[in-house]
Amino acid sequence: TQPKQIRSPQPNQHQQRFKQSSFFLDFLAMVFQGQDAWRRHPLFLNLWKDPFPGFKKAVILYGAFLVCEYGYKYVTTPPRPKVAHH
């Protein structure tokens, strides 16, 4: 008994299309390889850690300004005269 001869299958239509689409996808990858380069720019690297640089300082300074203004008005405003109610 001799072993069966294994023939290599002929590439069918689907395999040929896959090879063509693989070439096309490689071509597209080459064309669009730099489309996300802006995401690695240093300006955008740490946005998730601090999306609004300086916002925290601004809120603290504004809060301090409000406290100082309230305190200044409290100290400099003369007391209101008491009105007798009926």
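Residue positions are given per chain, counted from 1 along the sequence in the order it is written. Two thresholds apply to this predicted model, a pLDDT of at least 70 for residue-level local features and 80 or more for giving and counting side-chain atom pairs, whereas whole-chain, interface and lining totals are computed over all residues. Hydrogens and waters are ignored; side-chain quantities use all the structure's heavy atoms.

**Q** Sorry if this is basic, but what is going on with the overall build of the protein chain here?
**A** Numbering of helices and strands runs from the N terminus, with a helix taken as a DSSP run of H or I at least four residues long and a strand as a DSSP run of E at least two residues long. Scanning the protein chain from terminus to terminus reveals three helices and zero strands. Written out in order from the N terminus, the α and β elements of the protein chain read α-α-α. By the burial criterion, 0% of the 86 residues in the protein chain qualify as buried. Counting only carbon and sulfur atoms, one obtains 64% of the accessible surface of the protein chain, whose full area is about 9,800 Å². Between buried and exposed lies partly exposed: a residue is buried under 20% and exposed over 50% of the maximum accessible area for its type, with that area taken using a 1.4 Å probe on protein chains only. Values of accessible area rely on a 1.4 Å probe in the Shrake-Rupley scheme; residue burial ignores everything except the protein chains shown.

**Q** Which parts of the structure should I look at to understand helix H3 (residues 55-76)?
**A** Counting along an α-helix, one turn takes 3.6 residues, and residues three or four places apart therefore face a common direction. Helix span, expected: 1.5 Å multiplied by one less than the number of residues in the helix. Over its 22 residues, H3 extends 31 Å from the first C-alpha to the last, a length consistent with the 32 Å expected when each residue adds 1.5 Å. Buried residues are scarce in H3, accounting for zero of its 22 residues.

**Q** What should I look at first to understand the packing of aromatic side chains in this one?
**A** Given two aromatic rings, one states the distance between the centres and the angle between the planes to describe the pair. Classification of ring pairs uses Phe, Tyr and Trp, with its six-membered ring standing for Trp, and accepts pairs whose centres are within 6.5 Å; under 30 degrees between planes counts as stacked, over 60 as edge-to-face, and the remaining range as tilted. Applying the stated criterion across every chain, the model contains three aromatic pairs. Look at tyrosine 70 and tyrosine 74: their rings are 6.4 Å apart centre to centre, the planes differ by 20°, and that puts the pair in the stacked class. On the criterion of helical spacing, the pair formed by tyrosine 70 and tyrosine 74 is a turn pair, its members being four residues apart in helix H3. The class of tyrosine 70 is exposed, set by a relative accessible area of 61%. Exposure remark for tyrosine 74: the relative accessible area of 64% places this residue in the exposed category.

**Q** When you look at a nonpolar patch on the surface in this model, what are you seeing that I'm missing?
**A** Residues with no salt bridge and a relative accessible area higher than 30% make up the patches, which join like charges within 9 Å and nonpolar side chains (Val, Leu, Ile, Met, Phe, Trp, Tyr) within 5 Å. Put simply, a salt bridge is a Lys or Arg side-chain nitrogen that is within 4 Å of an Asp or Glu carboxyl oxygen. A contiguous nonpolar patch, built from Phe23, Phe24, Leu25, Phe27, Met30, Val31 and Phe32 and spanning about 770 Å² of accessible area, is present on the exposed surface. With respect to the helices and strands, phenylalanine 27 occurs in helix H1 (residues 13-31). Since its relative accessible area comes to 39%, phenylalanine 27 is described here as partly exposed.

Note that all results are geometric; they support no functional claim without further evidence.
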